[in-house]
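# Coordinate inspection notes
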Number of protein chains: 2
Amino acid sequence: MILIPLQPDAATPLYEQIYQNIKKKITDGTLACNTKLPSSRTLAEQLFISRSTVNSAYEQLLSEGYIYAKEKSGYFVADISYSTTIELCSNSIEPDSLCVESPKTPYSFSPFAIDTELFPYTVWRKLMNEAVASLNAQTLSLGDPIGDFEFRTAISEYLAQSRGVRCTPDQILIGAGTDYLLMLLCGLFTAELKIAMENPTYLRAYHVFCGLGRMVNPVPVTKTGIDIKKLSASDSSIAYVTPSHQYPLGAVMPVTHRRELLDWAYSSPKRYIIEDDHDSEFRYKGLPIPSLQGMDTQGRVIYLGTFSRIIAPAIRVSYMVLPPELCRLYRQKFPHYSSTVSRVDQRILTEFIRSGYLERHLNKMRKTYHQRHDALLHALHCFGNSIDISGEYAGLHLVVSFLNYGTEENIQACASQAGMHLYSLKEHAIAPVLISAPTFLLGFAGLSEQEIKSSVAVLYKELTKEL
Amino acid sequence: MILIPLQPDAATPLYEQIYQNIKKKITDGTLACNTKLPSSRTLAEQLFISRSTVNSAYEQLLSEGYIYAKEKSGYFVADISYSTTIELCSNSIEPDSLCVESPKTPYSFSPFAIDTELFPYTVWRKLMNEAVASLNAQTLSLGDPIGDFEFRTAISEYLAQSRGVRCTPDQILIGAGTDYLLMLLCGLFTAELKIAMENPTYLRAYHVFCGLGRMVNPVPVTKTGIDIKKLSASDSSIAYVTPSHQYPLGAVMPVTHRRELLDWAYSSPKRYIIEDDHDSEFRYKGLPIPSLQGMDTQGRVIYLGTFSRIIAPAIRVSYMVLPPELCRLYRQKFPHYSSTVSRVDQRILTEFIRSGYLERHLNKMRKTYHQRHDALLHALHCFGNSIDISGEYAGLHLVVSFLNYGTEENIQACASQAGMHLYSLKEHAIAPVLISAPTFLLGFAGLSEQEIKSSVAVLYKELTKEL
């Protein structure tokens, strides 16, 4: 029996209170490794709450790796001191193209699409009008090179509350897009330091590193994220990772794995982790996965986030949280860099965050994308066991392997016949990866539920026509 | 006697027609080296125009180096096949600080100040309102990574007309500030290639290069720009120069010198020139000096310009014209970089250029800064022969050497007493430079004529108090 004092009147939902309480007991050692947790029924009865509330808490703990499930026995406390990783993919196929963008097609399953129809037009126009009215000598002057203080303060508060990122506004650096911030990062590290990247990964980051002449070590991705053994065996000093939602495979890095990753960084004075928290805002099951940065006690995690993905691609504003040591280095190396974001845009976004519009906008987007995610999952039912789906319940795409439809080229050709372009997983590989069946990323954010339904139906028809 | 057909009804002013005609005769060899030009009186009588018109044409030819003056003998055609350069400065004093920004003082003679009171508020608000109204799915999408085509077209037209830059819109790359574009350029060149920079120079560019680990070779500046002999003797592959108005000394690079510089680049397949045309819009005597890019026949000049300096520092929009070969390399190396400038800003600026607002704005600014330039020159008369002035008739600052007022520290202290900060020339040195007397950059763009007058008077009083 576990003692969990609940506060039914608190702002924090009950399931989150349970989750937080058990998580604390696991991390502080109150609940030892392999301890069996009470069944959800028992705990629900004990706490006078519904069983589904307990289940939600358990699922969150499970997805973050604090507990594990044994079939027919229930949930047990995981060994969070260390865990071994399971290898998923090794090597074989050469990526034939590194291209991410694609020809325009009627239905785009692009994993980068977002729905600009959802853009908060009314609010944005109001904020823009206010910015127009407030143009003056002060707002036209150059401003703080790392971003206006008020904007950085608003971001630090937002990150603390929504992502568990711990930082002062002075650690935040504003830039016109993630590519630009990655370029600045490259300037902070000497050219000899090698960068480990998950394979497959986010290709744009890969191109920035390579474009600036940096050596990249591709490291395989396990079911729980970057393979730590392989990372340690490589001679990398920097690890670029997507722990809250591995891009593109969708793995969530559990807490033990996160600790191993941090320990890798801590084991040498010059190692850093770049945490690209690209789409963590979109999670459709349980609580958001807290950032790796929030777990870092030695200042080795660089946190990257962007507004382009949650507001509109044309809004070129990203931010980076630097550990104190790198802040000092940045000020020393680049004291003269001017901000790349206009002060008008900074002002609009500050108001957008401060007045609660960002939170409301995110809630609306999350709800819509959740429906589209469910619509895509549902539409894919027609394929039955002939496809394998992974990476679900988060982000803006599913990873779908087609088991019975011939080669990747054949499937692409059928899709093309149906007026759509499919984005191959292979195209995200930066080194050979073993992919057992043709696998594609199906982005759902840019399509309505009806479009998802009809385009999957057409694709199914095309693919089964020849069988 | 030279035959110059004039068109009195043409849009081109008469003095410019004369200038163009003689320039053509010199470059095509019709007028041989050392040919004496008719006196301004003779030519004026021959063409039935005023003598001052001829003088204006001659001054322009003189400042661009097509002709030279011999005391009491008149003007002669320069040897534009080649010329030797005169060395101005060698080495001695270490720069004690590389800091460009300064403490806020009541009167700022900062060479970077511009007057935001002159900002075209009404027009800008109108264009912003139009942009607000036109927000839609298309304008919110990512857009062309190198900048929207319409914006690049508007810039290419503006550059062709005002700066003689020859390029297609596809050669133009838009970026959020010159620093950012220089970072991209660094990515195009392998790290081993060394960059020659004028000494003294524009420090921000220097810091970008050094920050990205590039080797910089400081090359002395002669009275006509970068020392070509020293440049050739260095092992540089890239030369970063400011030929139309050397920053900070103010030299205008004459045509012979420009040809030598181009020949330096042409003499090896991997050499490029970066032409930073930072403030060529502001010239108060004669015609604008055409760009070096316009003279380049082999695609070796990279042209850089910015709107931040002519509109407002908070407008973070610069552009770069790449030679075709580097365009191809850019597309190959960085196909995935997103634009760093918001599409709203691109749209506003496109309209600003297209509707003629930019030209009107520039005319207004040029007139105001001309008055301030003259006011500063006039105010400095009180110093008589105890100061040396150079770099006048262009840009936004004068270079003033104080001959009789003790050390630089003493002069700084007096200025500080008078509530102002003086920007030392030494601070712009990237290697030892021999400066015979304490020398400062006196920026005039941020001060009204009255402020210029009174602050120079106060400075004079402070400096002469102790004598």
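Residues numbered from 1 in each chain as written. Chains lettered and ligands numbered in written order. Predicted model: local features only at pLDDT ≥ 70, side-chain atom pairs only at ≥ 80, totals over all residues. Heavy atoms only, no water.

### Some words on the overall build of chain A
Our working rule: In this text, helices come from DSSP runs of H or I with a minimum length of four residues, and strands from runs of E with a minimum of two, each type numbered from the N-terminal end. Between the two quantities, the radius of gyration covers C-alpha atoms and the globule rule is 2.2 Å times the number of residues to the power 0.38. Residue contacts are defined here by distance: any two heavy atoms, one from each residue, within 4.5 Å place the two residues in contact. Where accessible areas are quoted, they stem from the Shrake-Rupley method and a 1.4 Å probe; at the residue level, only the protein chains shown are allowed to cover. Residues counted as positive are Lys and Arg, residues counted as negative are Asp and Glu, and His and the chain ends are not counted. By convention, the charge on Lys lies at NZ, on Arg at CZ, on Asp at CG and on Glu at CD.
The number of helices and strands found in chain A is 15 helices and 16 strands. Taken over the C-alpha trace, chain A has a radius of gyration of 23 Å; the compact-globule value for 467 residues is 23 Å, and the two agree within 12%. By its C-alpha atoms, chain A is 65 × 60 × 50 Å across when sized along the principal axes. In chain A, 74% of the contacts between residues at least 6 apart in sequence involve partners at least 24 apart. Summed over all atoms, the accessible surface of chain A reaches about 18,700 Å², with 53% contributed by carbon and sulfur. Averaging the locations of the 44 positively and 47 negatively charged side chains of chain A gives two centres separated by 3 Å.

### Topic: the packing of helix 7 (residues 178-188) of chain A against helix 11 (residues 324-333) of chain A
All names here are of chain A. This is how the line gets drawn: Here, axes are lines fitted to C-alpha atoms. For helices the fit covers the stretch in contact, and angles between N-to-C directions go from 0 to 180 degrees. Orientation labels follow simple angle bins: below 35 degrees gives roughly parallel, above 145 gives roughly antiparallel, 65 to 115 gives roughly perpendicular, and whatever is left gives oblique. In this classification, Asp, Glu, Lys and Arg are treated as charged, Ala, Val, Leu, Ile, Met, Phe, Trp, Tyr, Cys and Pro as nonpolar, and every other residue, Gly included, as polar.
Packing of helix 7 against helix 11 leaves a shortest axis separation of 10 Å and a crossing angle of 90°. In this view, helix 7 runs roughly perpendicular relative to helix 11, as classed from their interaxial angle. In this structure, helix 7 contributes L184, G187 and L188 to the contact, and helix 11 contributes L326, L329, Y330 and K333. A breakdown of the residues in the contact of helix 7 with helix 11 according to their chemical character gives five nonpolar, one polar and one charged.

### Regarding the interface of chain B and chain A
We apply this condition: Buried area, as used here, totals the accessible surface that two parts lose on assembly, with accessibility defined by a 1.4 Å probe and the loss added over both. By salt bridge we mean one thing: a side-chain nitrogen of Lys or Arg within 4 Å of a carboxyl oxygen of Asp or Glu. Whenever two N or O atoms come within 3.5 Å, that pair is a polar contact, provided that in protein one can donate a hydrogen and the other can accept it, and provided that, for residues adjacent in sequence, both atoms are side-chain atoms.
Across the contact, 47 residues belong to chain B and 47 residues belong to chain A. Of the roughly 4,200 Å² buried at the junction of chain B and chain A (both faces included), carbon and sulfur atoms supply 64%. Broken down residue by residue, the surface that chain B buries against chain A is led by L140(B), M183(B) and H336(B), which jointly contribute 17%. Taken together, chain B and chain A are joined by zero salt bridges. Our count for the chain B to chain A interface comes out at 16 residue pairs in polar contact (both at pLDDT 80 or more). Among the secondary structure elements, those contributing two or more residues to the side of chain B that touches chain A are helix 4 (121-133), helix 5 (137-140), helix 7 (178-188), helix 8 (203-211) and helix 12 (343-354) of chain B. For the side of chain B that touches chain A, the element with the highest residue contribution is helix 4 of chain B, accounting for seven residues. Here the side of chain B that touches chain A is composed, by residue class, of 26 nonpolar, 13 polar and eight charged.

### Quick word on the relation of the copies chain B and chain A
Related by rotation about an axis and a shift along that axis, the two copies of the chain form a pair. Put simply, the rule reads: When the copies are superposed, the least-squares fit draws on C-alpha atoms of residues that have pLDDT of at least 70 in both.
Mapping chain B onto chain A is achieved by rotating through 180° and translating by 0.1 Å along the same axis, at an RMSD of 0.1 Å. Within this description, the copies of the chain are treated as partners about a two-fold rotation axis. The overlap is high: 100% of the interface residues of chain B also sit at the interface in chain A, so the same surface is used on both sides.

### Side note on the packing of helix 6 (residues 149-163) of chain B against helix 12 of chain B
Residues and elements named next belong to chain B. To keep things clear, this is the line we draw: Put simply, a crossing is left-handed when the front helix is turned counterclockwise from the back one by less than a right angle, and right-handed when it is turned clockwise.
Interhelical geometry of helix 6 versus helix 12 gives an angle of 35° and a closest axis separation of 9 Å. You can see that helix 6 and helix 12 cross each other, and the crossing is left-handed. For the pair helix 6 and helix 12, contact is made by E150, F151, T153, A154, I155, E157 and Y158 and by Q346, L349, T350, I353 and R354, respectively. Among the residues making up the contact of helix 6 with helix 12, the classes are represented as six nonpolar, three polar and three charged.

### Examining the nonpolar core
For clarity, the threshold we go by: The definition of a nonpolar core used throughout is a set of buried Ala, Val, Leu, Ile, Met, Phe, Trp, Tyr and Cys residues joined through side-chain atoms within 4.5 Å. Using a 1.4 Å probe on the protein chains alone, a residue whose accessible area is under 20% of its type maximum counts as buried, one over 50% counts as exposed, and one in between counts as partly exposed.
Residues F307(A) and F307(B) are the most contacted members of the largest nonpolar core, which totals 144 residues. Among the nonpolar cores identified, the runner-up in size contains 93 residues, and I195(A), M320(A), V216(B) and L441(B) belong to it.

### Observations concerning the confidence of the model for chain A
All names here are of chain A. Condition: A residue's pLDDT is the confidence the predictor assigns to it, expressed on a 0 to 100 scale.
Across chain A, the average pLDDT comes to 87, with 94% of residues at or above 70. In this model, residues 82-104 is a region of pLDDT below 50 whose contacts with residues beyond four sequence positions or in other chains number 55 contacts. Taken over the whole predicted complex, pTM reads 0.78, whereas the ipTM for its chain interfaces reads 0.73.

### Describing the pattern of salt bridges
For the structure on display, the rule yields 20 salt bridges over all chains. When the shortest N-O distance is used, the salt bridge between K465(A) and E462(A) registers 3.2 Å. Pair noted here: K465(A) and E462(A) are both in helix 15 (residues 449-465), with a separation of three residues, about one helical turn. Among the residues examined, K465(A) registers a relative accessible area of 55% and is labelled exposed. Of the charged contacts, one joins D179(B) and R204(B) as a salt bridge, the two residues approaching to 3.3 Å between their closest N and O atoms. With D179(B) in helix 7 and R204(B) in helix 8, the pair connects residues that are 25 residues apart, well separated along the chain. According to the relative accessible area criterion, D179(B) is buried, its value standing at 7%.

### Some remarks on the sheet that holds strand 16 (residues 439-443) of chain B
Our working rule: We treat two strands as partners when DSSP finds at least two bridges between them.
Taking strand neighbours across the sheet as the criterion, the four strands line up as 12-13-16-15 (chain B) in an open arrangement whose pairing is antiparallel. Unpaired on one side and paired on the other, strand 12 (387-390) and strand 15 (423-424) of chain B mark the two borders of the sheet.

### What to know about helix 3 (residues 51-63) of chain A
All names here are of chain A. Here is the rule we go by: Expected helix span is computed as 1.5 Å times (number of residues minus one). The arc in question is the one spanned by the directions pointing from the helix axis to the C-beta atoms.
Between its terminal C-alpha atoms helix 3 stretches 18 Å, which fits the 18 Å expected from 13 residues at 1.5 Å a residue. Taken together, the buried positions of helix 3 are T53, V54, A57, Y58, Q60 and L61. For helix 3, the arc enclosing every buried residue in end-on projection is 160°, short of the 170-degree limit, so these residues lie on one face. Just downstream of helix 3, G65 is the residue with a positive phi angle, here 90°.

### Examining unusual backbone geometry
Y247(A) connects to P248(A) through a cis peptide bond whose omega is 5°. Residue P200(B) is reached from N199(B) by a cis peptide bond, and omega for that bond is 5°. One non-glycine residue, Y393(A), adopts positive backbone phi at about 70°. Looking at the secondary structure, you find Y393(A) in the loop between strand 12 (387-390) and strand 13 (397-402).

### Quick look at the pairing of strand 13 (residues 397-402) of chain B
Residue and element names in this part refer to chain B. Burial analysis of strand 13 places six of its six residues in the buried class, which makes it a mostly covered element. The two faces of strand 13 match: H397, V399 and S401 on one face and L398, V400 and F402 on the other face are all buried. Relative to strand 13, strand 12 runs antiparallel, the two sharing four bridges. Counterpart to I387 in the pairing with strand 13 is F402. Hairpin connection, strand 12 to strand 13: the antiparallel pair is bridged by six residues, and G391 has positive phi, about 70°. Bridge analysis of strand 13 against strand 16 gives five bridges, and the strand direction is antiparallel. By the bridge assignment for strand 16, V399 is matched with L441.

### Digging into the sheet that holds strand 9 (residues 272-276) of chain A
Each strand in a sheet pairs with another by means of backbone hydrogen bonds, the pair being arranged parallel or else antiparallel. Strand order across the open sheet formed by eight strands is 4-11-10-9-8-5-6-7 (chain A), with mixed pairing between neighbours. The open sheet is flanked by strand 4 (172-175) and strand 7 (225-226) of chain A, the only strands paired with a single partner.

### A look at the packing of aromatic side chains
Counted only if it meets this: Between the rings of Phe, Tyr and Trp (Trp by its six-membered ring), a pair exists once the centres lie within 6.5 Å; its type follows the angle of the planes, with under 30 degrees stacked, over 60 edge-to-face, and the other angles tilted. Either the NZ atom of lysine or the CZ atom of arginine qualifies as a charge over a ring when it sits within 6 Å of the ring centre and within 35 degrees of the ring normal.
Following the criterion strictly, the structure yields 43 aromatic pairs over all chains and no others. Measuring from centroid to centroid gives 5.7 Å for F189(A) and Y272(A), while their planes differ by 40°, and the two rings are tilted. Within this pair, whereas F189(A) is found in the loop between helix 7 and strand 5 (194-199), its partner Y272(A) is found in strand 9, the two being separated by 83 residues in sequence. This pair shows no difference in class: F189(A) is buried, exactly as Y272(A) is. Between F383(B) and Y460(B) the ring centres are 4.9 Å apart and the planes differ by 90°, which places this aromatic pair in the edge-to-face class. Of this pair, F383(B) sits in the loop between helix 13 (357-379) and strand 12 while Y460(B) sits in helix 15 (residues 449-465), and the two are 77 residues apart along the sequence. Over the aromatic face of F76(A) sits the side chain of K36(A), whose NZ or CZ is 6.0 Å from the ring centroid.

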